[in-house]
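What follows is each chain in one-letter form.
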Amino acid sequence: MSLRTRVAGAFFVLAVLAVAGALVGALGHYTVLDRPVLLGTLAVSLVVLAGALVFGGGPRGPAVALGMIWAAVGLVTYVNSWQVYARIPGPTGSGLEVRVLYDDWIIPDWALVVRRNDGLLTREWPLVERFSSEHSDGLPTVTWVDPSHVRLDDRPGDDRAPWGGQVIVLDPGTGRPLKPDHPVSAF
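Counting restarts for each chain: residues are numbered from 1 in the order of the written sequence. Local features are withheld for residues below a pLDDT of 70 in this predicted model, meaning they are given only at 70 or higher, and side-chain atom pairs are given and counted only at 80 or more; totals for whole chains, interfaces and linings count all residues. The side-chain figures draw on all heavy atoms in the structure; neither hydrogens nor water molecules are used.

### A closer look at the sheet that holds strand β5 (residues 141-146)
Okay, so step 1: Criterion used throughout: strands pair if DSSP finds at least two bridges between them. Per the convention used, a helix needs a DSSP run of H or I reaching at least four residues, while a strand needs a run of E reaching at least two, with both numbered from the N terminus. Here 4 strands make up an open sheet; going across it, the order is β5-β6-β7-β8 and the pairing antiparallel. Either end of the sheet is taken by a strand with one partner, and the two such strands are β5 and β8 (177-179). The mean angle between the axes of side-by-side strands here comes to 35°, regardless of whether they run parallel or antiparallel.
Okay, so step 2: The sheet contact formed by strand β6 (residues 149-153) and strand β7 (residues 166-170) spans 4 bridges and is antiparallel. Counted as the bridge partner of V150 is I168 from β7. Helix axes are fitted to C-alpha atoms over the stretch in contact, other axes to C-alpha atoms as well, and angles between N-to-C directions run from 0 to 180 degrees.

Now the structure itself:
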């Protein structure tokens, strides 16, 4: 087995590991690995490099392909990137916080997540389904009752009453919502 074949095999194994990492991140809500576009692009890039090594043909074709792939990823990441609008820290020592996220591409999309800060093992769980609103006035007032309960109230003067004082029960160890066991609907 030649050196080129071994290196191509190593690139292919790394591509499989990148895809597996993306799946673990998405299914386990690990924020470090929950990057499907980035890890998928890395996997495709590694497969292109492995193919170039196995089939030859010079570096020009793979270099152009990789440049196009990474330019597309950069554009997608720029257009569709969530920003942190606010952080509501949990009770002292819990390591939990609620984050209000928004994406203001055309009409702002909002999301609330519960985050358990554990370094590389940090996890985020959806607290409220994504919803669109032009302004932040549709957001709930978030208060922590204790490390296992978060309360969502209506903002003063909001006559729609979409939140109605909903209390969400969390697993205090992970931050995963237990009741309801799915993201709360915004409206």
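From this point on, the discussion continues.
### Considering a nonpolar patch on the surface
Okay, so step 1: Each patch is built from residues lacking any salt bridge and having more than 30% relative accessible area; the joining distance is 9 Å for like charges and 5 Å for nonpolar side chains (Val, Leu, Ile, Met, Phe, Trp, Tyr). Areas reported as accessible are Shrake-Rupley estimates using a 1.4 Å probe. Residue values count occlusion only from the protein chains shown. Each salt bridge in this description consists of a side-chain nitrogen of Lys or Arg and a carboxyl oxygen of Asp or Glu lying within 4 Å of one another. The grouping of V24, V32, L33, L120 and L121 at the surface amounts to a nonpolar patch, some 460 Å² of accessible area in total.
Okay, so step 2: Position of L33 among the secondary structure elements: in the loop between α1 (3-28) and α2 (36-55).
Okay, so step 3: When its relative accessible area of 32% is taken as the criterion, L33 is described as partly exposed. For the exposure calls, accessible area comes from a 1.4 Å probe over protein chains only, and a residue counts as buried if that area is under 20% of its type's maximum, exposed if over 50%, partly exposed in between.

### Overview of α1
Okay, so step 1: One less than the number of residues in a helix, times 1.5 Å, gives the span that helix is expected to have. Taking 1.5 Å per residue as the helical rise, α1 with its 26 residues ought to reach 38 Å, and the 37 Å between its terminal C-alpha atoms agrees with that figure.
Okay, so step 2: Following α1 by one or two positions, H29 adopts a phi angle in the positive range, close to 60°.

### Structural notes on the confidence of the model for the chain
Okay, so step 1: When pLDDT is averaged along the chain, the result is 80; 84% of the residues meet or exceed 70.
Okay, so step 2: Taken element by element, the predicted model of the chain shows its lowest mean pLDDT in helix α3 (residues 60-79) (76) and its highest in β5 (89). Scored between 0 and 100, pLDDT is the confidence that the predictor attaches to each residue.

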